[in-house]
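# Fold and contact review
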Amino acid sequence: SMLGKELLAVLIARKVSDSFYVDVNILPQTMPETLEGIPAPVTDVKGKSYLLRLALRGIRRLQESEYGIWVGDEVTSASLATGAAAMGLVQDGRAGDETLAETTGRVLICNPSWCAAGNARDMTAPEINRVMKLTWKLPLHDFLDYLRGGKGLGNHVRVLPKGWERENKALATTLITSYLKNNPTHVNTLESQVTTAGDVGEPWASQRMWENLIRALAACFSIGEEPSSQLCYVMIEGCVGEGVAKSL
């Protein structure tokens, strides 16, 4: 809630708060078909019938808004079927026959499986390979600042400048391609890294995540971070795993 309030303050200052919407989905209570789109019969003007996969109202609201965030909460308590249905939405913004705009963020939130509600589980290898995993705890000094009426976590919010990806993607791409040329076995580490039950739910490198990492690093560079900064390391580890991150 602290971060949400600060984000809203930024949107109000930029006069775009009316164009912002957040769609929160409690995934243990969400059926797979509500994420993949519910089939509905449609007949066109020529009398031809077909099925249209309709997304829920929340997805429609996100499409109608200029900015937004789709949130899938409690993913470690969700069924495997719901988790699988969420993968296309998280990675590519697809829900049924609808596609979310690039300005719509997609976030999965969960507690670790050992303290999550219900019959909790670890995220599967395909699920974790579509998100940047950030392990996070609320810092005490931020919580105390918030209780005193301060911004709390909002003190750390930085806004990406316009053109952030276009102006910084080349550097990020050069760094990643140079690394992969010298470490070709790290392009995909599924077999070598996700081999035991303890590795389940941990990030691993794939072509998909290297591409995602380039965008994440471009975002970091756009706000003045150096490639060797702690923030960049967190992004790298969250995308491709601790082992690869240490060598990069």
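See above for the structure.
First things first, this report covers the structure right here in the doc. This is a predicted model, so every value here is computed, not measured.

What counts and how
Residues numbered from 1 in each chain as written. Predicted model: local features only at pLDDT ≥ 70, side-chain atom pairs only at ≥ 80, totals over all residues. Heavy atoms only, no water. Buried < 20%, exposed > 50% of the residue type's maximum accessible area, 1.4 Å probe, protein only. Helix = DSSP H or I, 4+ residues; strand = E, 2+ residues; numbered from the N terminus. Pairing = 2+ DSSP bridges. Axes fitted to C-alpha atoms, helices over the stretch in contact; angles between N-to-C directions. Parallel < 35°, antiparallel > 145°, perpendicular 65-115°, else oblique. Left-handed = near helix turned anticlockwise from the far one by under 90°. Contact = heavy atoms within 4.5 Å. Nonpolar A, V, L, I, M, F, W, Y, C, P; charged D, E, K, R; others polar. Salt bridge = Lys/Arg side-chain N within 4 Å of Asp/Glu carboxyl O. Disulfide = S-S within 2.5 Å.

### Quick word on the pairing of strand 4 (residues 67-73)
Most of strand 4 is tucked away: 5 of the 7 residues are buried. Of the strand pairs in this sheet, strand 4 and strand 7 (residues 104-109) are connected by 6 bridges, and their pairing is parallel. What sits directly across from Ile69, in strand 7, is Gly105.

### Things to note about the packing of helix 9 (residues 207-222) against helix 10 (residues 230-240)
One can describe the packing of helix 9 onto helix 10 by two numbers: an axis separation of 9 Å at closest approach and a directional angle of 165°. What the angle tells us is that helix 9 and helix 10 run roughly antiparallel. Viewed along their axes, helix 9 and helix 10 form a crossing whose handedness is right-handed. Listed contacts from helix 10 to Met209, Trp210, Leu213, Ala216, Leu217, Cys220 and Phe221 of helix 9 are Leu231, Cys232, Met235, Ile236, Cys239 and Val240. Here the contact of helix 9 with helix 10 is composed, by residue class, of 13 nonpolar, no polar and no charged.

### Comments concerning the sheet that holds strand 4
Read across the sheet, 3 strands follow the order 1-4-7 without closing on themselves; strand pairing throughout is parallel. Each having just a single partner strand, strand 1 (20-26) and strand 7 make up the two edges of the open sheet. Sheet twist, expressed as the mean angle between neighbouring strand axes with direction ignored, is 15°. Against the sheet, helix 3 (residues 57-64) contacts strand 1, strand 4 and strand 7, and its axis sits at roughly 160° relative to strand 1. Along the sheet, helix 4 (residues 80-92) makes contact with strand 4 and strand 7, crossing strand 7 at roughly 135°.

### Here we look at the packing of helix 7 (residues 164-182) against helix 9
Their axes nearest at 7 Å, the elements helix 7 and helix 9 cross at an angle of 130°. Classified by the angle their axes make, helix 7 and helix 9 are oblique. For helix 7 against helix 9, the interelement crossing comes out right-handed. Between helix 7 and helix 9, the residues in contact are Trp164, Glu165, Asn168, Lys169, Leu171, Ala172, Thr173, Leu175, Ile176, Tyr179 and Leu180 and Trp210, Leu213, Ile214, Arg215, Leu217, Ala218, Ala219, Phe221 and Ser222, respectively. Broken down by class, the residue content of the contact of helix 7 with helix 9 amounts to 14 nonpolar, 3 polar and 3 charged.

### Concerning the pattern of salt bridges
Under the defined criterion, the tally for this structure stands at 11 salt bridges. One salt bridge in this structure joins Arg53 and Asp97, with 3.8 Å as the shortest N-O distance. In this pair, Arg53 sits in strand 3 (residues 49-54) while Asp97 sits in the loop between strand 5 (94-95) and strand 6 (98-99), placing the two residues 44 residues apart along the sequence. The closest approach of N and O atoms between Arg158 and Glu225, which form a salt bridge, is 2.8 Å. Residue Arg158 is located in the loop between helix 6 (140-147) and helix 7, and its partner Glu225 is located in the loop between helix 9 and helix 10; the two are separated by 67 residues in the primary sequence. Under the relative-accessibility criterion, Arg158 is labelled partly exposed at 46%.

### A look at the state of the cysteines
Inspection of the entire model under this criterion finds 0 disulfides. Of the cysteine sulfurs around Cys115, a residue in no disulfide, the closest is that of Cys110, at 9.1 Å. Classification of Cys115 as partly exposed rests on a relative accessible area of 37%. Of all cysteine sulfurs, the one in Cys232 lies closest to Cys220, which takes part in no disulfide; the gap is 4.2 Å.

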